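Next come the chains, spelled out residue by residue.
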Amino acid sequence: MAKKDESIFASLALEFVRVTEVGAIAAARWIGRGDAKAADQAAVDAMRTYFNTIDFRGLIVIGEGAKDEAAELYIGEKLGRGEGPLFEIAIDPLECTTSVAYGRSNAISVIAAGPEGSLYRAADSYMEKIAVGPEAASVIDIDSTPTENVRKVAGALGKEISEVTVAILERTRHEKLIAEVRSTGARVQLFTDGDITMAIATCFPANPVDMLIGTGGSAEAVITAAAMRCMGGEVICRWKPKDEKHTTRLKEAGITDFSTIFRSQDLARGKDLSFTATGILNGPLARGVTVGARHTLTHSVVMTSNPPTVRFIKTRHLTG
């Protein structure tokens, strides 16, 4: 990437935080109201409107679905009002829609971005995943058992197995996995939604999560990979369609080998990547939106891989 393009990318990484802020604020108005679709639509509308005020040229490669499934922020939609180099966008306007609907935790508005060719165009299905922070990035192996991976991570972190905390999405499909991890003596932290935030939490020593294991969405895997590239962590994934419908969907997308193993650098390629997220409800990555008499307060995180930086941004949005 040319020097001029690098400067454009650096400024865009900070510009995108304004997009996630408006999405988070819009979704937060629906917290606890039991309407996940309305919360998601509010975030979509706000983010799309702001995106199209930015002087850049963007293309959504992971979004709300195909054009015939989503009217806004669909895969293939062009964003921005500028010229110049193309930037690919992976977006989840509302990660954890159910959490917002019922007032739980972990919800964020999130964007991953990079120059053309950066982001893996993952079909919408499921992947098995293992995620860890920088200290254990080289020791995990998706072909190893959960027991073996827990032991490897404990060794890399210099911890006793009983001190290792493993985040696992609370789903029926994970019952055997949960039982096996507990049998090692490790701690299990169950969560209802939000494997992006829980995976990235492994990169922050202040957070109690040491690793994430389980099956989750493919779009979330790509977004997580961008953050891992910025922070030196690792997420390893492999396709695991949950039923025949998903198997057919993947085959129609040209994916026939489900044994392929993806690492962070396969899902988020190149050196110029960014990750931007704003909290909607409190989670390990960012605090949620709070509303005062004359202001709304947001907390965001902005990461770039070139240069490798992590910024935490607290913004007071004056309302009167």
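Heads up: the structure comes first, above all this text.
Here's a quick rundown of the structure.

Definitions and cut-offs
Throughout this description, residue numbers start from 1 for each chain and increase along the sequence as written. In keeping with the model being predicted, local features are shown solely for residues with a pLDDT of at least 70 and side-chain atom pairs are shown and tallied solely at 80 or more, while totals for entire chains, interfaces and linings include all residues. Based on all heavy atoms of the structure, the side-chain values leave hydrogens and waters out of the count. Labels follow the DSSP assignment, with helices taken as runs of H or I lasting at least four residues and strands as runs of E lasting at least two, numbered in each case from the N terminus. Only protein chains enter the accessibility calculation, which uses a 1.4 Å probe; a residue is then buried when its area is under 20% of its type maximum, exposed when over 50%, and partly exposed in between. Throughout, a contact is declared for two residues whenever any of their heavy atoms are within 4.5 Å. Only the protein chains shown count as cover for residues, with accessible areas throughout obtained via the Shrake-Rupley method and a probe of 1.4 Å. In this tally, Lys and Arg are treated as positive and Asp and Glu as negative; His is ignored, and so are the chain termini. In this description, the location of a charge corresponds to atom NZ of lysine, CZ of arginine, CG of aspartate or CD of glutamate. Here, nonpolar core refers to any group of buried Ala, Val, Leu, Ile, Met, Phe, Trp, Tyr and Cys residues whose side-chain atoms link them within 4.5 Å. Stacked, edge-to-face and tilted labels apply to pairs of Phe, Tyr and Trp rings (six-membered ring for Trp) whose centres lie within 6.5 Å, assigned for plane angles under 30 degrees, over 60, and everything in between, in that order. For a Lys NZ or an Arg CZ to count as sitting over a ring, it must be within 6 Å of the ring centre and within 35 degrees of the ring normal. To estimate the expected span of a helix, count its residues, drop one, and scale the result by 1.5 Å. The arc in question is the one traced by the directions running from the helix axis out to the C-beta atoms.

## Notes on the overall build of the chain
Part 1 of the reasoning: When you go through the chain residue by residue, the secondary structure sums to nine helices and 14 strands.
Part 2 of the reasoning: The dimensions of the chain, computed from C-alpha atoms along their principal axes, are 55 × 45 × 40 Å.
Part 3 of the reasoning: Out of the 320 residues in the chain, the part that is buried amounts to 54%.
Part 4 of the reasoning: For the chain, long-range pairs separated by at least 24 residues make up 69% of all intrachain contacts whose partners lie at least 6 apart in sequence.
Part 5 of the reasoning: Element-wise, carbon and sulfur atoms account for 48% of the exposed surface of the chain, whose accessible area totals about 13,900 Å².
Part 6 of the reasoning: Where the 37 positive side-chain charges of the chain centre and where its 40 negative ones centre are 4 Å apart.

## Things to note about the nonpolar core
Part 1 of the reasoning: Counting 49 residues, the largest nonpolar core has Tyr120, Ile200, Trp239, Leu267, Phe275, Leu285 and Met303 as the members making the most contacts within it.
Part 2 of the reasoning: Among the elements that line this core, the one with the most residues is helix H7 (residues 218-231), at nine residues.
Part 3 of the reasoning: Residues contacting Trp239, with those up to four places away along its chain left out, are Tyr120, Ala122, Ala123, Ser125, Tyr126, Met127, Ser218, Leu250, Ile255, Phe258, Thr260 and Phe262.

## Here we look at the packing of aromatic side chains
Part 1 of the reasoning: Tallied over the full model, the rule gives five aromatic pairs.
Part 2 of the reasoning: Members of the aromatic cluster, each reached through a chain of ring pairs, are Phe16, Phe51 and Phe56.
Part 3 of the reasoning: The ring of Trp30 carries the charged tip of Arg33 above its face, separated from the ring centre by 4.0 Å.

## As for H7
Part 1 of the reasoning: Helix length check: H7 (14 residues) gives 20 Å between terminal C-alpha atoms against 20 Å at 1.5 Å per residue, within 8%.
Part 2 of the reasoning: Taken from the residues just after H7, Gly232 is the one with a positive phi, measuring 85 degrees.

## A few points about unusual backbone geometry
Part 1 of the reasoning: In this structure, Pro307 follows Asn306 across a cis peptide bond, with omega equal to 0 degrees.
Part 2 of the reasoning: Structurally, Pro307 is set in the loop between strand E13 (295-305) and strand E14 (308-318).
Part 3 of the reasoning: Its identity is not glycine, yet Cys96 carries a phi of approximately 90 degrees, on the positive side.
Part 4 of the reasoning: Checked against the element boundaries, Cys96 lands in the loop between strand E3 (86-95) and helix H3 (97-102).
Part 5 of the reasoning: A positive phi angle, close to 80 degrees, is found at Asn106, a residue other than glycine.
Part 6 of the reasoning: Position of Asn106 relative to the elements: it lies in the loop between H3 and strand E4 (108-115).

## Thoughts on helix H5 (residues 175-183)
Part 1 of the reasoning: Leu177, Ile178 and Val181 are the residues of H5 that are buried. Angular distribution of buried residues about the axis of H5 spans 100 degrees; they occupy a single face of the element. Opposite the packed face of H5, turned more than 90 degrees from it, sit the exposed residues Glu175, Lys176 and Ser183.
Part 2 of the reasoning: Looking one or two residues past H5, Gly185 carries a phi angle of roughly 100 degrees, positive in sign.

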